[in-house]
Amino acid sequence: MNKRTDAIDLQAVSVAPARLSTSLAGMSDRTIAWLFIGPTIALLLAINIFPLIWTIYMSFTNFKANMGWVAYKSVGIDNYVDILTDMDIWIAMQTTAHFVFWSILLQVVIGFGLALLLNRRFRGHSFWTTVILLPMMLSPAVVGNFWTFLFQPQIGLFNYIVSFFSGIDPSSFQMIGDVNLAPWTIVLVDTWMWTPYVMLICLAGLRSIPDYIYEAAEVDRASAWRQFWSVTLPMVMPFLMLAVLFRAIESFKMFDMVNLLTNGGPGSLTETVSITLKRAAFEKWQTGWSSALAIILFVAVFGAANIYVKVLNKVQQR
């Protein structure tokens, strides 16, 4: 009796996959593909596309989130006109551009230099690669609080290091509160944290260059400097441009680091566009106005990135 029951169970188990395969056999490959990716696409639409559409809709209204019970009305393109003619917004744009330009410049120069050193595969290069990558692995909140403590004029280690090499009184200057030094504080911390990221991309580009190209250059008696300009730099250029693209997008929307270090101060000297957006949305509760600002920033970043990618594709095809 048990043997018969086991045989029936085995038969039922074998029939189930057969029915499933029969039901799938009646579908096309496209239908089966959509069956698997459909839930993922629906989730992405719910998380990304719907908020974007809702933000676009809100940008044409005078809606305020803290007064949701009050009926809001359409204001047309007034929010966009007000933003594009607001001098404070353009000043915040200039502050953001200053931060993006100098941080990317330093990260590319230092990161590429470190990649060239680590590519030599000296003894212990794996250990030093891991050590250099440590800042990138930390949370921005941890990095912001850590450097805020280091920049304290009375007890901060940074001022004492500067005093040791320059002889300046450590309490005579403060990086965060000084008008001239505060903008460079953000650049310094961001460079310290994200230079390893650029180095990693450049190192991948250097490791992808075949050895026979350098061997051919040595046969032609090309100097090390000539090999760098004619072989290394052109072949690593797509990786460098990719690193610039990634870091430019991230730096343009930088919020947490600036908020923790200076919170836009002193005054509004280091107030980037992301800080302006946060204050408009969650301090002044200008939801419609801040939605319009978010859309303008999105279009600006998307358009610039699209043009940059086209240039990158032309560089890769050379």
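Values in this document were obtained by computation on a predicted structure and should not be read as measured data. (Residues numbered from 1 in each chain as written. Predicted model: local features only at pLDDT ≥ 70, side-chain atom pairs only at ≥ 80, totals over all residues. Heavy atoms only, no water.)

Some points on the side chain of Thr61
Now for step 1: One can find Thr61 in the loop between helix H2 (29–58) and helix H3 (78–84).
Now for step 2: Its relative accessible area of 3% is what places Thr61 among the buried residues.
Now for step 3: A distance of 2.8 Å separates a polar side-chain atom of Thr61 from the backbone oxygen of Met58.
Now for step 4: At 3.5 Å, the side chain of Thr61 forms a polar contact with the backbone nitrogen of Phe63.
Now for step 5: Every residue in contact with Thr61, bar those within four places of it in the chain, is listed here: Tyr72, Lys73, Ser74, Val75, Asn79 and Gly288. (Helix = DSSP H or I, 4+ residues; strand = E, 2+ residues; numbered from the N terminus. Buried < 20%, exposed > 50% of the residue type's maximum accessible area, 1.4 Å probe, protein only. Polar contact = N/O pair within 3.5 Å; in protein donor to acceptor, adjacent residues only side chain to side chain. Contact = heavy atoms within 4.5 Å.)

A word on the environment of Ala292
Now for step 1: Among the secondary structure elements, Ala292 is positioned in helix H13 (residues 287–317).
Now for step 2: In this structure Ala292 comes out as buried when scored by relative accessible area, which is 0%.
Now for step 3: Residues Ala292 and Asp29 lie 263 residues apart in sequence; the distance between their C-alpha atoms is 42 Å.
Now for step 4: Beyond its immediate chain neighbours, meaning those up to four positions away, Ala292 contacts Ser59, Asn79, Tyr80 and Ile83.

Considerations on the nonpolar core
In summary, soluble globular proteins display a tendency toward joint burial of nonpolar side chains.
Now for step 1: Counting residues in hydrophobic clusters, the biggest one holds 39 residues, and the most contacted among them are Phe112, Trp147, Phe151, Val189, Leu240 and Met257.
Now for step 2: At the level of elements, helix H4 (87–118), helix H6 (140–150), helix H8 (182–207), helix H10 (224–252) and helix H11 (256–261) are the ones that each hand at least two residues to this core.
Now for step 3: The leading source of residues in this core is H8, at 11 residues.
Now for step 4: Ignoring anything within four residues of it in the chain, the contact list for Trp147 reads Phe158, Leu188, Val189, Trp192 and Leu261.
Now for step 5: One finds Ile83, Ala92, Leu293 and Ile296 within the second-largest nonpolar core, a separate group that totals 12 residues. (Core = buried A, V, L, I, M, F, W, Y, C linked by side-chain atoms within 4.5 Å.)

Focus: helix H12 (residues 273–282)
Now for step 1: Extensive coverage of H12 is indicated by the burial of seven of its 10 residues.
Now for step 2: Where H12 is concerned, the buried positions are Val273, Ser274, Ile275, Thr276, Arg279, Ala280 and Ala281.

Some remarks on the packing of aromatic side chains
Now for step 1: With the rule as written, the count across this model stands at 20 aromatic pairs.
Now for step 2: Relative to Phe228, the ring of Phe112 lies with its centre 6.0 Å away and its plane at 35 degrees, an arrangement referred to as tilted. Of this pair, Phe112 sits in helix H4 while Phe228 sits in helix H10, and the two are 116 residues apart along the sequence. As far as the burial class goes, Phe112 and Phe228 line up, both buried.
Now for step 3: Clustering of aromatic rings is evident, with ring pairs tying together Phe146, Trp147, Phe151, Phe158 and Trp192. (Phe/Tyr/Trp six-rings, centres within 6.5 Å; stacked < 30°, edge-to-face > 60°.)

Structural notes on the side chain of Thr185
Now for step 1: Looking at where Thr185 falls in the secondary structure, it is placed in helix H8.
Now for step 2: The residues touching Thr185, leaving out its near neighbours within four places in the chain, are Phe151, Met175, Ile176 and Leu261.

So, unusual backbone geometry
Now for step 1: Here the amide bond leading from Gly265 into Pro266 is cis, since omega sits at -5 degrees, within 30 degrees of zero.
Now for step 2: Here Pro266 shows up in the loop between H11 and H12.
Now for step 3: In the Ramachandran plot, Arg221 falls in the positive-phi region, its phi being about 60 degrees despite a non-glycine side chain.
Now for step 4: Counting through the fold element by element, Arg221 comes out in the loop between helix H9 (211–219) and H10.
Now for step 5: Residues other than glycine seldom take positive phi values, yet Trp285 does so here, at roughly 55 degrees.
Now for step 6: On the basis of relative accessible area, Trp285 is assigned to the partly exposed category, the value being 31%.

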